[in-house]
Amino acid sequence: DMIIMQHLSAYELDGKKQQIDSSMVAYGENQTYTAMAKTVGLPVAIAALKILNGEIKTPGVQRPISKEIYKPILKELESFGVTFKEKDVPYLGYNPENVFG
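Residues numbered from 1 in each chain as written. Predicted model: local features only at pLDDT ≥ 70, side-chain atom pairs only at ≥ 80, totals over all residues. Heavy atoms only, no water.

Asker: Could you give an account of the overall build of the chain, with specific residues and numbers?
Answerer: Scanning the chain from N- to C-terminus turns up 2 helices and 3 strands. Listing the helices and strands of the chain from first to last along the sequence gives β-β-α-α-β. Against the compact-globule benchmark of 13 Å for 101 residues, the chain has a radius of gyration of 16 Å, which places it well outside the compact range. Dimensions along the principal axes, computed over C-alpha positions, put the chain at roughly 45 × 35 × 20 Å. In the chain, which comprises 101 residues, the proportion classed as buried is 21%. Within the chain, counting contacts between residues at least 6 apart in sequence, those at least 24 apart form 53% of the total. As presented, the chain carries roughly 7700 Å² of accessible surface, and 58% of it is formed by carbon and sulfur atoms. (Helix = DSSP H or I, 4+ residues; strand = E, 2+ residues; numbered from the N terminus. Rg over C-alpha atoms; globule rule 2.2 N^0.38 Å. Buried < 20%, exposed > 50% of the residue type's maximum accessible area, 1.4 Å probe, protein only. Contact = heavy atoms within 4.5 Å. Areas by Shrake-Rupley, 256 points an atom, 1.4 Å probe, with all protein chains shown as cover.)

Here it is, written out as structure tokens:
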């Protein structure tokens, strides 16, 4: 199997609109080590271990938008071949007619 993910993130900094495109492609190895297992199961397992080992200290159920949570998980995912490639691109906005590959 294969998972493809793309994020088009636009923001404004000092009055200038900018965009970052982030993409990830993950391939499964076999019926056990699937791309879905790598991209869903591994982050949950990594987070659970980091909570148990006291590396993530924020209590309760959390969305993974805190640097304390997402940075170490993304770093460890790299060792499993799950990486995002980011590039600065011209601002295209969110108008579908302007989004192209």
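Asker: Outline the pairing of strand β2 (residues 16–27), supporting the account with residue identities and numerical values.
Answerer: As defined by bridge partners, strand β1 (residues 2–13) adjoins β2 across 12 bridges and the pair is classed as antiparallel. Counterpart to Tyr11 in the pairing with β2 is Gln18. What sits between the antiparallel neighbours β1 and β2 is a turn of 2 residues, in which Asp14 has the positive phi angle 55 degrees. Where β2 and strand β3 (residues 85–89) come together, 5 bridges link them in antiparallel fashion. Within β3, the position partnered with Ser22 by the bridge is Glu86. (Pairing = 2+ DSSP bridges.)

Asker: How would you sum up helix α1 (residues 35–52)? Please name residues and give values.
Answerer: Because an α-helix packs 3.6 residues into every turn, residues spaced three or four apart end up facing the same way. For α1, built from 18 residues, the straight-helix expectation of 26 Å at 1.5 Å per residue is met to within 8% by its first-to-last C-alpha distance of 25 Å. Along α1, the largest kink reaches about 35 degrees and is centred on Gly41; proline Pro43 follows within four residues of it. Turning to α1, its buried residues number three or more, namely Ala35, Lys38, Thr39, Leu42, Pro43, Ile46, Ala47 and Lys50. Its buried side turned inward, α1 meets β1, β2 and α2 (67–78). (Expected span 1.5 Å × (residues − 1). Bend = angle between axes of the 7 residues up to and from the residue.)

Asker: Outline the environment of Ile46, supporting the account with residue identities and numerical values.
Answerer: Following the sequence through the fold, Ile46 ends up in helix α1. In sequence terms Ile46 and Leu77 are 31 residues apart; their C-alpha atoms lie 8.4 Å from each other. For Ile46, the residues in contact, after removing those within four places along its chain, are Ile73, Glu76, Leu77 and Phe80.

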